[in-house]
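Reading the structure
Spelled out from the first residue to the last, the chains are:
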Amino acid sequence: MKIRIEEDVLQGTGTEIMDHLRARVFDPAEFPDTESYIWFLRNNIIRTTGLDFPLPDGDVEQQAQTVFAQLAKAGALTILED
């Protein structure tokens, strides 16, 4: 997967990109794992855009890809490669 957020281009699996964003933006203790960060992002997307969407159960990679797809719909990032 390859995405662009403003001027940054990030590449890797959805989980790897989420881990990178989580480490870059927050104190790692605030979100102890990738899934908790994904749920935090999901809740923020719903609150700011009104776009409600379910996350797949248990598969962090699918959850990450779902969040990236919603962020792309909201214009917050561009998916360059799936």
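All values reported here derive from a predicted model rather than from experimental measurement. (Residues numbered from 1 in each chain as written. Predicted model: local features only at pLDDT ≥ 70, side-chain atom pairs only at ≥ 80, totals over all residues. Heavy atoms only, no water.)

Per the secondary structure count, the protein includes three helices and three strands. Taking 82 residues into account, the globule formula puts the C-alpha radius of gyration at 12 Å, and the protein, at 12 Å, falls close to it. Considered along the principal axes of its C-alpha atoms, the protein spans approximately 30 × 25 × 20 Å. Put simply, the protein shows about 4900 Å² of open surface, and 49% of that area lies on carbon and sulfur atoms. Distance between charge centres in the protein, computed from 7 positive and 15 negative side chains, equals 6 Å. (Helix = DSSP H or I, 4+ residues; strand = E, 2+ residues; numbered from the N terminus. Rg over C-alpha atoms; globule rule 2.2 N^0.38 Å. Areas by Shrake-Rupley, 256 points an atom, 1.4 Å probe, with all protein chains shown as cover. Lys, Arg positive; Asp, Glu negative; His and termini not counted. Charge placed at Lys NZ, Arg CZ, Asp CG, Glu CD.)

Given 3.6 residues per turn, any residue in an α-helix points the same way as the ones three and four places further on. When the terminal C-alpha atoms of helix α1 (residues 14-25) are compared, their 16 Å separation across twelve residues agrees well with the 16 Å that a helix rising 1.5 Å per residue should span. The set of residues buried in α1 consists of Gly14, Ile17, Met18, Leu21 and Arg22. The arc that holds every buried residue of α1, seen down its axis, measures 135°, which confines them to one face. Elements in contact with the buried residues of α1: β1 (2-5), β2 (8-11), α2 (34-49) and α3 (60-73). (Expected span 1.5 Å × (residues − 1). Buried < 20%, exposed > 50% of the residue type's maximum accessible area, 1.4 Å probe, protein only. Arc of directions from axis to C-beta. Contact = heavy atoms within 4.5 Å.)

In the structure shown here, the tally under the stated rule is three salt bridges. Here Arg22 ties to Asp19 by a salt bridge, and the two come within 3.6 Å at their closest N and O atoms. With a gap of three residues between them, Arg22 and Asp19 both fall in helix α1, about one helical turn apart. Taking relative accessible area as the criterion, Arg22 reaches 14% and is therefore assigned buried. (Salt bridge = Lys/Arg side-chain N within 4 Å of Asp/Glu carboxyl O.)

Attention now goes to α2. Relative to the 22 Å expected for 16 residues at 1.5 Å per residue, α2 spans 22 Å between its end C-alpha atoms, a close match to the ideal helical length. Buried residues along α2 sit against α1 and α3.

Moving on: the sheet that holds β2. Where strands meet in a sheet, backbone hydrogen bonds hold them as pairs that are either parallel or antiparallel. Spatially, the three strands line up as an open sheet ordered β2-β1-β3, and their pairing is antiparallel. At either end of the open sheet lies a strand with only one pairing partner, and these are β2 and β3 (78-81). Each strand axis lies, on average, 25° off the axis of its neighbour in the sheet, ignoring direction. Against the sheet, α1 engages β1 and β2, with an angle of about 130° to β2. (Pairing = 2+ DSSP bridges. Axes fitted to C-alpha atoms, helices over the stretch in contact; angles between N-to-C directions.)

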